Amino acid sequence: MNIYVLMKQTFDTEERIVIQDGQVSEDGVKFVINPYDEYAVEEAIRLKEKEGGTVVVLSAGPERAAEALRTALAMGADEAVLLSDDRLPQDEYSVSKALAAYLAAESYDLLLGGNFSVDHGAGQVAIRLAQLLDLPHASSVTKLTVSGGKAVAERDAEGDAETVELTLPALVTAQQGLNEPRYPSLPGIMKAKKKPFRRLTLEDVGLTEDDVAPRTERLSLSLPPERQAGRLLKGDPAQQAAELVSLLRTEAKVI
Amino acid sequence: MSRMLVVVAELRGGKLRQVSYEALQAAKTVQEDGDRITAVLIGSGLESEAQELASYGADEIQVVDHADLASYNPETYAAALLPILKAVQPHAIFFGHTALGRDLAPVTAARLQAGQISDVVAIHRSDAGPVFNRPLYAGKAFEEKRFTGGPMIVTVRPNNLPPAEPSGTTAGIIRTAYSPPSSLRTVIREVVRQMTGQVDLTEAKIIVSGGRGVKSREGFQPLEQLAAVLGAAVGASRGACDAGYCEYARQIGQTGKVVTPEIYIACGISGAIQHLAGMSQSRIIVAINKDAEAPIFQVADYGIVGDLFEVVPLLTEEFRKALA
């Protein structure tokens, strides 16, 4: 069972966002494996532990993403690949095309990724990749079993549970609830240092800057207007409840 | 030159979704003189829904109605949609940012080698073409984006754009035959409708949400009773989900769902930044918490310092009276 896991390094979800010179500032920010991708890494390692095979973690991103890949190696992945190139735009069309160019030459039974990234949150790259590689896919998966050349996935479709059967090779994206990711162990961290870690540029995957020219561009970036703390209601609980309903009707005009 | 704008409409529980009218309005916002709008409806048994959609201002409705399309499957739905897109050569395609749209839009984008702007909350026109506003970090920041080349593929977040209104005209309905894909590698074995009769979180106008303060699975009962009176959806914080009080499908936050209802009632939720990211764009926020220092009160329009197990049943009673 050969598995590739698509990973992105993202801001920790407890971080505040600061905009400086029109960019999101990365100063002093704690980075993590995108939480949804972490479920994908965990699931891949569990499948390998059960079925044998290898787990390769793959990321397209800045050099700092190496740290997230090393964490995945310490969790139990076997190899890491970082496609890092300043000429690769952060457009989902471009990123999926570059990842597809790399994966087209590899062999695998399963691709696993997160449902979406908690930073850009577009949820496009993994599904685009399935199409570019002509693979069946299931997104937002909360349960996965693999046997006999098939994957059976339970997916969350707005609270409804769908059971989907895919013919391998296939791509699956992880939703919360799929598993409980492990922490890297100390021996795991020591072993990770000796595991293969490849770095690739656009040339290495046979693409030029023109091939990955973006289809969208950012025009501006802003913070949402700050919310003002409102008012604390007074009186005993019954009075507060009555006042709230009255305020929602007369002041906020929402009921 | 006449350009074609396509809206992929969607049903839930046999009814057209509110977000599909919002996607139709998104197309109208982008529409210029001479542009035509086609609304596409894919599914099984769509007669009355197609008639209904026809009165909301699209120029034509294309219906792909087949028993194989009763449940969403990326392969069959792509086989239904792509021939239509190939025929009309759309300038732009709009989906709801729903379970279906989040899945089918990137399938379409990859097949058309197109750009996609996901989870759009506002659109305005500029000399350089339409500009799309979308959240980053689940709403901790926002970016404005545009397309550098076509076709444009957009998913719109429910509850943010105004819905299209009935137009007083009726569009023609075109039925398109469905040819199944030659090899089907995805099979939907079972669909368990767990949310039947319940309001979907992302489209809900009112959400009642519980955190660690709810204390147990049973502790959600008073929240569910309040939600039933309000026609609201029930959500939860990560703390409540991690503690096992609630399934993850209800989680609101930076991991989880991002919601923008008219009223968000946070019960026993302290207000961690990851939760605030998912709900702080709600129009009115009400917080009920025992701890007067809880950060949730910093973003709440109305706060009640008190025990949710005492306050929520009283609120349910007050709303029942007020809405009677």
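Because the structure is predicted, anything quoted here is derived from the model rather than measured.

On to the overall build of chain A, then. Along the backbone of chain A there are six helices and 15 strands. For chain A, the spread of C-alpha atoms along the principal axes amounts to about 65 × 45 × 40 Å. Sorting the 255 residues of chain A into buried and exposed places 56% on the buried side. For chain A, contacts bridging at least 24 residues in sequence account for 69% of all contacts bridging at least 6. When the accessible surface of chain A is split by element, carbon and sulfur atoms take 49% of a total near 11,000 Å². Computed over 28 positive and 41 negative side-chain charges, the separation of the two mean positions in chain A equals 3 Å.

Let us now look at the layout of surface pockets. As a volume, the largest pocket reaches approximately 1,100 Å³. Every residue lining the largest pocket is counted, 41 residues in all, and those nearest its centre are Leu11(B), Arg12(B), Gly13(B), Lys15(B) and Arg17(B). Here the element with the most residues in the lining of the largest pocket is helix H2 (residues 47–53) of chain B; it accounts for three residues. The class makeup of the residues in the lining of the largest pocket is 17 nonpolar, ten polar and 14 charged. A volume near 780 Å³ is recorded for the second largest pocket. Elements represented by at least two residues in the lining of the second largest pocket include exactly strand S2 (9–11), strand S4 (23–24), strand S6 (54–60), helix H3 (92–103) and strand S14 (216–222) of chain A together with strand S9 (129–136) and strand S10 (141–147) of chain B. Residues of the lining of the second largest pocket, tallied by class, amount to twelve nonpolar, nine polar and 14 charged.

Residues and elements named next belong to chain A. According to the stated counting rule, one finds nine aromatic pairs over all chains in the structure shown. Taking 5.3 Å as the distance between ring centres and 85° as the angle between the ring planes, the aromatic pair formed by Phe11 and Phe31 counts as edge-to-face. Within this pair, whereas Phe11 is found in strand S2, its partner Phe31 is found in strand S5 (residues 31–33), the two being separated by 20 residues in sequence. Residue classification places Phe11 among the buried residues on the basis of a relative accessible area of 4%. The exposure class of Phe31 is buried, given its relative accessible area of 16%. Three or more aromatic residues joined by ring pairs make a cluster, and in this case those are Tyr4, Tyr102 and Tyr108. A cation over an aromatic ring shows up here: Arg215 above the ring of Tyr93, its NZ or CZ 4.0 Å from the ring centre.

Another aspect to go through is the UniProt feature "domain: Electron transfer flavoprotein alpha/beta-subunit N-terminal" (unreviewed entry) in chain A. According to UniProt, the feature "domain: Electron transfer flavoprotein alpha/beta-subunit N-terminal" (unreviewed entry) maps to residues 21–209 of chain A in the numbering used here. Annotated as 29% helix and 31% strand, the span residues 21–209 of chain A places its first and last C-alpha atoms 26 Å apart.

Glancing now at a nonpolar patch on the surface. All names here are of chain A. Nonpolar side chains collect at one region of the surface, where Leu186, Ile189 and Met190 lie side by side and expose about 300 Å² of accessible area between them. Among the structural elements, Ile189 can be located in helix H5 (residues 186–192). Here Ile189 falls in the partly exposed class, since its relative accessible area comes to 37%.

Below, the discussion takes up the interface of chain A and chain B. Every contact between the two is made by 77 residues of chain A and, on the other side, 87 residues of chain B. Linking chain A to chain B there are nine salt bridges. For Glu217(A), the salt bridge is made with Arg146(B), and the minimal N-O distance between the two is 2.6 Å. Remark: the boundary between chain A and chain B carries 47 residue pairs in polar contact (both at pLDDT 80 or more). Of the residues forming the side of chain A that touches chain B, the biggest block, ten residues, is contributed by helix H6 (residues 237–250) of chain A. Here the residues of the side of chain A that touches chain B sort into 37 nonpolar, 19 polar and 21 charged. Taken together, the six bridges between S14(A) and S10(B) define a ladder with antiparallel strand orientation. Bridge pairing links Arg218(A) to Lys145(B) in S10(B).

The feature "domain: Electron transfer flavoprotein alpha/beta-subunit N-terminal" (unreviewed entry), as given by UniProt, occupies residues 5–188 of chain B in the numbering adopted here. Between the first and last C-alpha atoms of residues 5–188 of chain B the distance is 30 Å; the span itself is 26% helix and 36% strand.

What follows concerns the sheet that holds strand S16 (residues 263–267) of chain B. What holds strands together in a sheet is hydrogen bonding between their backbones, with the strands either parallel or antiparallel. As summarised here, the arrangement of the six strands in space is S15(A)-S18(B)-S17(B)-S16(B)-S14(B)-S15(B), forming an open sheet in which the pairing is parallel. Pairing within the sheet leaves two strands with one partner each, and these edge strands are strand S15 (231–232) of chain A together with strand S15 (233–236) of chain B. Two strands pair when backbone bridges link them, and strand S17 (residues 284–289) of chain B and strand S18 (residues 302–305) of chain B are joined in this way by four bridges, in the parallel orientation. Note that in S18(B) the partner of Ile288(B) across the bridge is Ile304(B). Taken strand by strand, helix H8 (residues 308–323) of chain B contacts S16, S17 and S18 of chain B, and its axis lies near 135° from that of S17(B).

Each value, and the rule that gives it
Residues numbered from 1 in each chain as written. Chains lettered and ligands numbered in written order. Predicted model: local features only at pLDDT ≥ 70, side-chain atom pairs only at ≥ 80, totals over all residues. Heavy atoms only, no water. Helix = DSSP H or I, 4+ residues; strand = E, 2+ residues; numbered from the N terminus. Buried < 20%, exposed > 50% of the residue type's maximum accessible area, 1.4 Å probe, protein only. Contact = heavy atoms within 4.5 Å. Areas by Shrake-Rupley, 256 points an atom, 1.4 Å probe, with all protein chains shown as cover. Lys, Arg positive; Asp, Glu negative; His and termini not counted. Charge placed at Lys NZ, Arg CZ, Asp CG, Glu CD. 1 Å grid on protein atoms, 1.4 Å probe; cavity = no way out; pocket = protein on both sides within 12 Å on 5 of 7 lines; lining within 4 Å. Points joined across faces, edges and corners; volume = space filled by probe spheres on them. Nonpolar A, V, L, I, M, F, W, Y, C, P; charged D, E, K, R; others polar. Phe/Tyr/Trp six-rings, centres within 6.5 Å; stacked < 30°, edge-to-face > 60°. Lys NZ or Arg CZ within 6 Å of the ring centre and 35° of its normal. UniProt positions renumbered as here; feature names shortened; annotations may be inferred. Patch = residues over 30% accessible without salt bridge, like charges linked within 9 Å, V, L, I, M, F, W, Y side chains within 5 Å. Salt bridge = Lys/Arg side-chain N within 4 Å of Asp/Glu carboxyl O. Polar contact = N/O pair within 3.5 Å; in protein donor to acceptor, adjacent residues only side chain to side chain. Pairing = 2+ DSSP bridges. Axes fitted to C-alpha atoms, helices over the stretch in contact; angles between N-to-C directions.

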